[in-house]
Amino acid sequence: MPSLLHYRAWHGEFHDPAWAPLPIARVALAMMFRRKLFWTFYGFSLLTFLMFFFGLFLLSWAEAQASDESLPIGGGRIKAGVLMDQLRNGLKLNGTGETYRNYFWFQGSIVIVVLAMAGALVVGNDFRFGSLPFYLSKPLAPWHYVLGKCLAIAAFINLMTTLPALVLFVQYRCLYPWGGWEYEAAILGGILGYGLVLTVVLSILLMATASWLRTTVPLIMAWTTLFFFLRQLTNTLVDGLGYDPRWRLFDLWNNTYLVGNYLLGLSVPRQPQPYEAALVLGATCLLCLTYLNRRIRAVEVVQ
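Worth saying up front: this structure is predicted, and the values here are computed from it rather than measured.

Engineer: A description of a nonpolar patch on the surface should follow, citing residues and the corresponding values.
Structural biologist: Together, Trp-19, Leu-22, Trp-143, Leu-147 and Leu-151 give the surface a local cluster of nonpolar side chains, amounting to about 510 Å² of exposed area. Following the sequence through the fold, Leu-147 ends up in helix H7 (residues 142–160).

Engineer: Mind laying out the nonpolar core, listing which residues take part and the relevant values?
Structural biologist: The tendency in soluble globular proteins is for nonpolar side chains to be buried side by side. If you look at the biggest cluster of nonpolar residues, it comprises 75 residues, and the most contacted ones within it are Leu-115, Tyr-145, Phe-156 and Leu-202. Apart from the residues within four sequence positions on either side, Tyr-145 is in contact with Ile-24, Val-123, Asp-126, Phe-127, Leu-132, Tyr-135, Met-207 and Ile-296.

Engineer: Quick rundown of the packing of aromatic side chains? Include the residues and the values.
Structural biologist: Taken as a whole, this structure holds 20 aromatic pairs when the rule is applied. Residues Phe-52 and Tyr-103 carry aromatic rings whose centres are separated by 5.7 Å and whose planes lie at 85° to one another, so their mutual orientation is edge-to-face. Of the two residues, Phe-52 is situated in helix H2 (residues 36–65) and Tyr-103 in helix H4 (residues 97–106); the sequence distance between them amounts to 51 residues. Each member of the pair, Phe-52 as well as Tyr-103, carries the same accessibility label: buried. With 5.2 Å between their ring centres and 75° between their planes, Phe-53 and Phe-57 make a pair best called edge-to-face.

Engineer: Go over helix H12 (residues 274–297), please, and point to the residues and values.
Structural biologist: The end-to-end C-alpha distance of H12, which contains 24 residues, comes to 35 Å, matching closely the 34 Å that a straight helix rising 1.5 Å per residue would cover. The inward-facing, buried residues of H12 abut helix H5 (108–128), helix H6 (132–136), H7, helix H9 (181–213) and helix H11 (252–263).

Engineer: Explain the pattern of salt bridges residue by residue, including any values.
Structural biologist: Under the criterion given, the structure shown has 8 salt bridges. In this structure, Arg-101 engages Glu-98 in a salt bridge whose closest nitrogen and oxygen atoms are separated by 3.9 Å. Here the residue Arg-101 and the residue Glu-98 both occupy positions in helix H4, the gap between them amounting to 3 residues, near one helical turn. Its relative accessible area of 23% is what places Glu-98 among the partly exposed residues. Residue Glu-276 is joined to Arg-246 by a salt bridge in which the shortest nitrogen-to-oxygen separation is 2.8 Å. Note that Glu-276 is positioned in helix H12 and Arg-246 in the loop between helix H10 (216–240) and H11, a separation of 30 residues in sequence. Arg-246 gets classed as partly exposed once you look at its relative accessible area, which sits at 47%.

Rules and cut-offs
Residues numbered from 1 in each chain as written. Predicted model: local features only at pLDDT ≥ 70, side-chain atom pairs only at ≥ 80, totals over all residues. Heavy atoms only, no water. Patch = residues over 30% accessible without salt bridge, like charges linked within 9 Å, V, L, I, M, F, W, Y side chains within 5 Å. Areas by Shrake-Rupley, 256 points an atom, 1.4 Å probe, with all protein chains shown as cover. Salt bridge = Lys/Arg side-chain N within 4 Å of Asp/Glu carboxyl O. Helix = DSSP H or I, 4+ residues; strand = E, 2+ residues; numbered from the N terminus. Core = buried A, V, L, I, M, F, W, Y, C linked by side-chain atoms within 4.5 Å. Buried < 20%, exposed > 50% of the residue type's maximum accessible area, 1.4 Å probe, protein only. Contact = heavy atoms within 4.5 Å. Phe/Tyr/Trp six-rings, centres within 6.5 Å; stacked < 30°, edge-to-face > 60°. Expected span 1.5 Å × (residues − 1).

What is shown is where atoms sit, not what they do.
Below you can see the structure in the form of structure tokens.
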């Protein structure tokens, strides 16, 4: 009878159910990687990386070509080597935490657009076209599904942020002398920590918003409101009207920025404390996970 129904026996190796998120993540990644639009946006995201990457090379080459002669600058004279140092520090291409902080910040816009597209495809379509009951009909818990999708979203985020930042870290350490193991370890830890904050917060937030809105256009509008409109609103309230800097806590991207600055050993004036931003991010993730749990459990597996 099984042969008449075209059933095929499983000849592979059985794994523990805890490994279930991995195939879910693999399928989600395959869906995104087949889209030409994803690779187009990913190519745009690399423009920021290339600006930093070749900027470091050009400054290193200019410093190697600079002589000890003085150059006329503003009615005075300055040594070429000193001028290169000032230029490198002014552009924040000096390998300090500011270099990687600026890179993460500039990547924000393209990351948000890519994630909005990915959320509608990877998560929203499961609710829209009824794919979620297929997952839940297997011996999977809801957290298997959530973790698998979050792993796929985390791959997108790190391909555009953490991985290129690590390449810049290695490049700078190859071009310039190391500043000591403790300092370099602190910078490396800050890069990984900043990437982890973005990964956790954006993955959970995207899962929640995509399960609610489902389609691409509403999702882009919602993310535009969360990450662009609220930024302009809080900047107007604090910088324009002189309100308390804690109003900036409504801007989630700014909150990740504050926590990332703290991890990189930097401080930002006229901003809330990093622990306040971390508390807001933690509360937001908790609310999103609570909503996701209720949303997934409300799905009927057997019609």
